[in-house]
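Coordinate inspection notes
Given next are the chains, with one letter for each unit.
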Amino acid sequence: MTQPLSFNRVEIDISALQANFQGIQKTVGPQIKIMAVVKSDAYGHGLIECAQALYSAGARTFGVAEVWEGIKLRRAGLKGDIVVLLGGSPESYEAVIRHELTPVVFDVEFLAGLSDEAARMKTEVKVHLKVDVGMGRIGVMPNEVESYVSLIKRLPGISLSGMLSHFPGADEIDSLQTTHEQLSYFKNVLADLKSKESGKVVSHIANSAALIYFPKSHLNMVRPGISLYGYYPDGSASRAKIAVPVLELQPVMSFKTRIIQVKDLGPGYGISYGHTFVTRRKSRIAVLPVGYADGYLRKLSNKAQVLIGGRRAPVCGRVCMNATLVDITDLPPVHTGDEVVLLGQQGDEKITADEMAQWMETISYEVLCLFGSFNERVYT
Ligand SMILES: *Cc1c(COP(=O)(O)O)cnc(C)c1O
């Protein structure tokens, strides 16, 4: 979505994204491949722009959620493998084949349909088979793997090029034991397969959290998402620093607006809908043209802070659809048109997506998707 001339904009720092990719490559070592996860509009950072920048930084495998995202990437000219994490629908067989996408598979009917279409088009599609080792989400059960693998072998037009699984709690200290068990479960499945399969099958299970906290889970390929965009999966840079001292992530997204009015109010003046904030002293208030329609959620009312001139100012009163008020009484003089940072750095101060997530009672992932999808993006 673009809103030309909007007061608000999301800035994407492409060199930070590329540096994060390279930092991850350094962390896992040169033998391990990286699937750059760019699903959901690259977590709000822009699908095509980010995929192209990551390709320039060395990425050759990309992870998207749905087939249409893969098509968009191919239409933009992206090379490399594009793995579709949710697989496809029966309507998408032809598109999967024509755009050389690699669907994740976990369903017999899908495999059979894809095979028919590939045979008809006289070509071969690569697929990655997903195994559920305890996520309880997508994937076939470990005891079904053998029959799926032999089915894929029998079906014309289909070749198995990857095996994957996913952890439900790799970021949680309380789940260390469970994560270890799930990893060995997956490794057993792979070992069984290896004794029967000679082909080159890449195996992968590590999201950002596993990449950081479970080096044993790197296998042949890792699948970072949030860490590419500069955030530690559990919001704890300090815990990650101990696990992987070489990994120095830089946030990629900033969200900025500007002041459209400055006003002086006496004590006892109610601010915004419902007067949930009433001035207790002579106050100076700045009006910001941003609100919940821009992803700056109403939950932030009387809670969040913003940066003006490198200093923090608190949000006062309710966040409206397109407006937010901040108390600037304690700040040096500010003016209409001054830049306001809602997310990101200004001077020596910064507001991270983890801090925003606390105010919004969610995780950094959701903050980034939200801000990125509602606002004009500029690339620097
Ligand atoms: C989104 C996703 C990832 C990336 O997870 P992060 O926590 O963002 O690193 C990896 N694998 C799968 C299957 C995913 O859906």
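Now for a quick tour of the structure.

Conventions used here
- Residues numbered from 1 in each chain as written.
- Predicted model: local features only at pLDDT ≥ 70, side-chain atom pairs only at ≥ 80, totals over all residues.
- Heavy atoms only, no water.
- Phe/Tyr/Trp six-rings, centres within 6.5 Å; stacked < 30°, edge-to-face > 60°.
- Lys NZ or Arg CZ within 6 Å of the ring centre and 35° of its normal.
- Core = buried A, V, L, I, M, F, W, Y, C linked by side-chain atoms within 4.5 Å.
- Buried < 20%, exposed > 50% of the residue type's maximum accessible area, 1.4 Å probe, protein only.
- Helix = DSSP H or I, 4+ residues; strand = E, 2+ residues; numbered from the N terminus.
- Domains from an automatic or database assignment.
- Contact = heavy atoms within 4.5 Å.
- Near = heavy atom within 4 Å.
- Polar contact = N/O pair within 3.5 Å; in protein donor to acceptor, adjacent residues only side chain to side chain.
- Areas by Shrake-Rupley, 256 points an atom, 1.4 Å probe, with all protein chains shown as cover.
- Nonpolar A, V, L, I, M, F, W, Y, C, P; charged D, E, K, R; others polar.
- Salt bridge = Lys/Arg side-chain N within 4 Å of Asp/Glu carboxyl O.
- Arc of directions from axis to C-beta.
- Pairing = 2+ DSSP bridges.
- Axes fitted to C-alpha atoms, helices over the stretch in contact; angles between N-to-C directions.
- Parallel < 35°, antiparallel > 145°, perpendicular 65-115°, else oblique.

**Considering the packing of aromatic side chains**
The final tally for this structure, using the stated rule, is six aromatic pairs. The ring of Tyr55 carries the charged tip of Arg60 above its face, separated from the ring centre by 3.7 Å. In this arrangement the basic side chain of Arg239 is found over the ring face of Tyr213, its NZ or CZ atom lying 3.6 Å from the centre.

**Here we look at the nonpolar core**
Judged by nonpolar contacts, the single largest core of 122 residues is most densely connected at Met163, Tyr296, Val306, Ile308, Met356 and Phe371. In terms of residue count, the dominant contributor to this core is helix α1 (residues 14-28) (six residues). Both domains that meet at this core, namely domain 1 (14-242) and domain 2 (253-379), each give it at least three residues. Contacts of Phe371, omitting those with residues within four sequence positions, involve Val10, Met253, Phe255, Asp294, Gly295, Tyr296, Leu343, Met356 and Met360. Ile271, Val287, Cys316 and Leu325 belong to the second largest nonpolar core, which has six residues in total.

**Quick notes on the site of the ligand**
The environment of the ligand is made up of 13 residues, and the closest members are Lys39, Tyr43, Ser208, Ile226 and Tyr365. Within the side chain of Lys39, one N or O atom sits 2.6 Å away from an oxygen atom of the ligand. Contacts to the ligand include Arg223, whose side-chain N or O atom sits 2.9 Å from a nitrogen atom. Notes on the ligand: free accessible area 390 Å², of which the protein chains cover 92%. The residue inventory of the shell around the ligand, partitioned by class, reads five nonpolar, four polar and four charged.

**A closer look at the pattern of salt bridges**
What the rule picks out here adds up to 15 salt bridges. Residue Glu94 is joined to Arg98 by a salt bridge in which the shortest nitrogen-to-oxygen separation is 3.4 Å. Linking Glu94 with Arg98, this pair stays in helix α5 (residues 93-98), spanning four residues, or about one helical turn. Between Lys241 and Glu248 there is a salt bridge whose closest N-O contact spans 3.3 Å.

**Description of unusual backbone geometry**
In terms of backbone geometry, most residues other than glycine have negative phi values and most peptide bonds are trans. In this structure, Ala42 is a non-glycine residue whose phi angle is positive, near 50 degrees. Tracing the chain through its elements places Ala42 in helix α2 (residues 39-44). Taking the relative accessible area as the measure of exposure, Ala42 reaches 0% and is therefore buried. Even without a glycine there, the phi angle at Lys122 is positive, about 55 degrees. Within the secondary structure, Lys122 is located in the loop between α6 (108-120) and β6 (125-130).

**Quick notes on helix α3 (residues 47-56)**
Within α3 the residues assigned to the buried category are Leu47, Cys50, Ala51, Ala53 and Leu54. Buried residues of α3, viewed axially, fall in a sector of 165 degrees; they line one side. The inward-facing, buried residues of α3 contact α1, β2 (33-37), α2, β3 (61-64) and α4 (67-75). Downstream of α3 by a residue or two, Gly58 has a phi angle that is positive, lying close to 120 degrees.

**Notes on the sheet that holds strand β17 (residues 324-327)**
In space, the three strands of this open sheet follow the order β11-β14-β17, with antiparallel pairing throughout. Here the strands that pair on one side only, and so sit at the sheet edges, are β11 (261-265) and β17. Across the sheet, the mean angle separating the axes of adjacent strands is 30 degrees when strand polarity is ignored. Across four bridges, strand β14 (residues 283-288) lies against β17 in antiparallel orientation. Residue pairing across strands places Ala286 opposite Val326, the latter belonging to β17.

**Structural notes on the packing of helix α11 (residues 353-360) against helix α12 (residues 364-374)**
The relative placement of two packed helices comes down to the angle between their axes together with the axis-to-axis distance. Taken N-terminus to C-terminus, the directions of α11 and α12 make an angle of 95 degrees; their axes are 8 Å apart at the nearest point. In terms of orientation, α11 lies roughly perpendicular with respect to α12. Two secondary-structure elements touch here, α11 through Ala353, Asp354, Met356, Ala357 and Met360 and α12 through Ser364, Val367, Leu368, Leu370 and Phe371. For the contact of α11 with α12, the residue count by class is eight nonpolar, one polar and one charged.

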